[in-house]
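As a plain string of letters, each chain reads:
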Amino acid sequence: MKFQGKVCFLLMAFLMAGGVFLNHVLAQDLSGYEIMKKVDENQFIKSARIESEMIIVDRGREIVKEMIMFVESDGEVTNALVEFVNPRDRGTKYLLMDDELWMYFPDAEDLIRISGHMLEQRMMGSDFSYQDTLESEQLVELYEFEIIGEEVLDGRPVYIIDAKAREDEEPAYYQRKFWVDGERFVILREEMYARGGRLLKVMETREVKEVVEGRWMPVDMVMEDKLREGTETIYRINKIELDYNIPAGKISLEALQ
Amino acid sequence: MQIKVFPGIVFLIILTVLILLTVQDNAHAVQIGGKIEFQSGLNYSDQITANFSGTGELEFYLPAKKDLEARLVLRAALADGRPEIGIKYFYLRQGHGHGHVTLGRQPVSWGYGAFLNPLGYGFGVEGLAGETHVPSVDGIRYFHSLGDGASFQLVTSFPRGLTGKSLDRLGYGGRLRFPVPGHDFSLNFSYQPLRLPPGPDKDNLLRTGITYSGDAGPVGIYGALGYFFLQEAEKEDIVAQLGLDYSWQVGPEFEERTVFLQVEYMRFLKRELGPEVLLRLGNVPAQGVFRKGVYDLLLANISLLLDPFTQIGTAFLAETKDGSLALAPYYISDLGGGVELNISGNLLFSETGDFSAGTSLGLSYYF
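About the thresholds
Just so you know, the residues in each chain are numbered from 1, in the order the chain's sequence is written. Chain letters and ligand numbers both follow the written order, the letters beginning at A and the numbers at 1. Selection of residues for local features in this predicted model requires a pLDDT of at least 70, selection of side-chain atom pairs for listing and counting requires 80 or more, and totals for whole chains, interfaces and linings are taken over all residues. To get the side-chain values, all heavy atoms of the structure are used, and hydrogens and water are removed first. Only DSSP runs of H or I with at least four residues qualify as helices, and only runs of E with at least two residues qualify as strands; both kinds are numbered from the N terminus onward. Using a 1.4 Å probe on the protein chains alone, a residue whose accessible area is under 20% of its type maximum counts as buried, one over 50% counts as exposed, and one in between counts as partly exposed. We call two residues in contact when some of their heavy atoms are within 4.5 Å. The protein chains shown are the only cover counted for residues, whose accessible areas, like all others here, come from Shrake-Rupley with a 1.4 Å probe. When DSSP locates at least two bridges between a pair of strands, those strands are taken to pair. Nonpolar cores are built from buried Ala, Val, Leu, Ile, Met, Phe, Trp, Tyr and Cys residues. Side-chain atoms within 4.5 Å join them into one set. Here the expected span of a helix is defined as 1.5 Å times the quantity of residues minus one. This arc is built from the directions going out from the helix axis to the C-beta atoms. Salt bridges are defined by distance alone: a side-chain nitrogen of Lys or Arg within 4 Å of a carboxyl oxygen of Asp or Glu. Per-residue confidence from the predictor is reported as pLDDT, which spans 0 to 100. Any pair of N or O atoms that falls within 3.5 Å is considered a polar contact. Within protein, one atom must be able to donate a hydrogen and the other to accept it, and sequence-neighbouring residues count only if both atoms are side-chain atoms.

(A) Fine view of the overall build of chain B. Scanning chain B for helices and strands turns up 2 helices and 21 strands. Expressed as a percentage of its 367 residues, the buried residues of chain B come to 46%. Across chain B, contacts joining residues at least 24 apart in sequence account for 50% of those joining residues at least 6 apart. When the accessible area of chain B is evaluated, it comes to approximately 17,400 Å², of which 63% is carbon and sulfur surface.

In structure tokens:
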């Protein structure tokens, strides 16, 4: 298998060097901004209902968290409600409302405001932070982009795009590097960096799906927190309903009291 | 002659019928979940004692019917060889345009992130050394939304096995909650009978005050300021509480593990009452540092996520009257498959020479 992998790699490298493949596919002469605008058109969620699972893996052990999430976003502010449905956490809910995080405890039926520092912490011990999971960002509103390369990744032609936070914005990550599918305009790989250039996380997309005609989205992703070894978290979307008509008041403090 | 105003059994039958009415069209959708927990421990005070206990909870997830929903949670316990089966929660909730009314045995928790909530309805403990005690009442609660997250609620509770003689044992409370961006305020009021000795046979505790939680830069802060009045004993006091929480990564040498720290201090300023009066509101197990005559409490909890499944930490409780100090280290690990391991200990010291220690091993299964 390793030998076959090397052959494939060499073949791909040859094609790249010859420019045969990429010139054909990626000759659209798009700027970094235009590419990411297309990514946002695909991946940015205005409103949705999502059934998903998070598989947290650490040195061979794993636990599964299952959840149902309602999301609505205007591109800058995301409001979201996530309810866990696996037995250990059943009924536990997180509410992201106007950049503030609230947690609902099902046994006490109580809603408590979670301190702001927790937004950056790992959600349920996973490699995803609360922000990673709950926020739906319009990337073109938050970053400046530059194309820094083109290559083939897992058989797909990709643009490599460097993104730095706009001066007037404070996104969760100061710098990001995206590998964007040149045909489907979805992110196939992403690296997230701190302001000092330290690599914090790497996310790889394992499966993309055409959720509605002409609109592709990642539905199976693996996140690795590079600050700790031996762990990864798989985030898998089992069902997604885009432009979902979320009942009025569903994502609100009142609904959880 | 004792007049039965609302005997418990009648109350349960009525609730059962009402719950059956809510689920009759959707009986197939009823789901069941819960947990089973076993715990064994060793304690040393003057002598060594061993104990074993088991508890189980069974929740019926009943489908809501329009604006009517029901909750039924049964609880079984085995302690010192005696089995007990009871109802943890059993209520009906009728929604309306701006809120709901809940009738039956229900949790009433007015939390704001503190370990100890001096202004809740009843007395709640939250997440202290992995322990949580949720106050619950038999009663009626009305919740009304005021918009933008603000709300008020009113609650009336009656003692279990209510009779005509015990009508003076009703409790009343209210909470006005008004979150604003970055802050969560609430004004609380409660008037409740004390349930546990010591003290006069009957007494009522009135409490009113304000609770707060918010952020001060990267640190979470919270607190409470309240007035307490013990009716028959004619004692009053002012309670002040201040707390903070913070989390950080401990550096590459420790694989950037996350540490959580929470510290809070509560003081009865007039020293006429103390934290022990809160214990008499509910079923929270007595702690050594909650003795009569203690007027302040310092609590801290520090924990470290060893890996995504395992948390290790210790709680710390202290008071200044006679320097009692309690330490409660704990280790909690999710073993997968719904099984959780919990190992904990406790050490209590005082300047008077009192010493006790204990350790326990628990296993929980969630289904």
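Here the narrative resumes, following the displayed structure.
(B) Region of interest: the overall build of chain A. Counting its regular elements, chain A contains 5 helices and 13 strands. Considering only residue pairs separated by 6 or more positions, chain A has 49% of its internal contacts joining residues 24 or more positions apart. A total accessible area of about 12,100 Å² is found for chain A, and carbon and sulfur atoms account for 48% of it.

(C) Structural detail: the sheet that holds strand β6 (residues 116-117) of chain B. Residue and element names in this part refer to chain B. Judged by pairing direction, the sheet is antiparallel, and its 3 strands sit side by side in the order β6-β7-β8 without closing on themselves. In this open sheet, the two edge strands, each paired with only one partner strand, are β6 and β8 (131-133). Both strand β7 (residues 124-128) and β8 contribute to a ladder of 2 bridges, which runs antiparallel. Bridge pairing in β8 links leucine 128 to glutamate 131.

(D) A look at the nonpolar core. One finds Met36, Ile50, Tyr94, Leu134, Phe145, Val180 and Tyr235 of chain A to be the most contacted residues of the largest nonpolar core, which totals 52 residues. For tyrosine 94 of chain A, the contacting residues outside a window of four places in its chain are Ala80, Leu81, Val82, Phe84, Leu101, Trp102, Met103, Met123, Met124, Tyr130 and Leu134 of chain A. The next biggest cluster of nonpolar side chains, apart from the first, holds 33 residues, and it includes Val239, Ala328, Ile332 and Leu348 of chain B.

(E) Spatial organisation of unusual backbone geometry. Although it is not a glycine, phenylalanine 185 of chain A sits at a positive phi angle of roughly 55 degrees. Of note, phenylalanine 185 of chain A is situated in the loop between β9 (175-181) and β10 (187-193). Positive phi outside glycine occurs at lysine 66 of chain B, with the angle close to 50 degrees. Structurally, lysine 66 of chain B can be placed in the loop between β2 (48-61) and β3 (68-79). You can call lysine 66 of chain B exposed: its relative accessible area is 82%.

(F) Quick look at helix α3 (residues 32-43) of chain A. All names here are of chain A. End to end, α3 covers 16 Å across 12 residues, agreeing with the expected 16 Å (1.5 Å per residue, within 8%). When α3 is considered as a whole, its buried residues turn out to be Gly32, Ile35, Met36, Val39, Asp40 and Asn42. With its buried residues spanning 160 degrees around the axis, α3 presents them on a single face. Against the buried residues of α3 lie α5 (139-142), β7 (143-153), β8 (156-165), β9, β10 and β12 (215-225).

(G) The arrangement of the pattern of salt bridges in detail. All names here are of chain A. Under the counting rule described, the total for this entry stands at 32 salt bridges over all chains. Residue aspartate 181 pairs with arginine 156 through a salt bridge whose shortest N-O separation is 2.7 Å. One end of the pair, aspartate 181, is in strand β9; the other, arginine 156, is in strand β8, with 25 residues separating them in the sequence. Among the residues examined, aspartate 181 registers a relative accessible area of 0% and is labelled buried. For arginine 236, the salt bridge identified is with aspartate 220, shortest N-O distance 3.3 Å. In this pair, arginine 236 is assigned in strand β13 (residues 231-242) and aspartate 220 in strand β12, connecting sequence segments 16 residues apart.

(H) Region of the structure containing the confidence of the model for chain B. All names here are of chain B. Across chain B, the average pLDDT comes to 87, with 87% of residues at or above 70. Per-element confidence in chain B ranges from a low mean pLDDT of 60 for helix α1 (residues 8-23) to a high of 97 for strand β14 (residues 219-230). Under a pLDDT of 50 for its full length, residues 1-7 has, in the predicted model, 11 contacts with residues more than four places off or in other chains. Among the scores for the predicted complex, ipTM is 0.88 and pTM is 0.87.

(I) Main features of the side chain of serine 324 of chain B. Residues and elements named next belong to chain B. Assignment of secondary structure puts serine 324 in the loop between β18 (310-318) and β19 (325-336). Among the residues examined, serine 324 registers a relative accessible area of 1% and is labelled buried. A distance of 3.0 Å separates a polar atom in the side chain of serine 324 from a polar atom in the side chain of glutamate 319.

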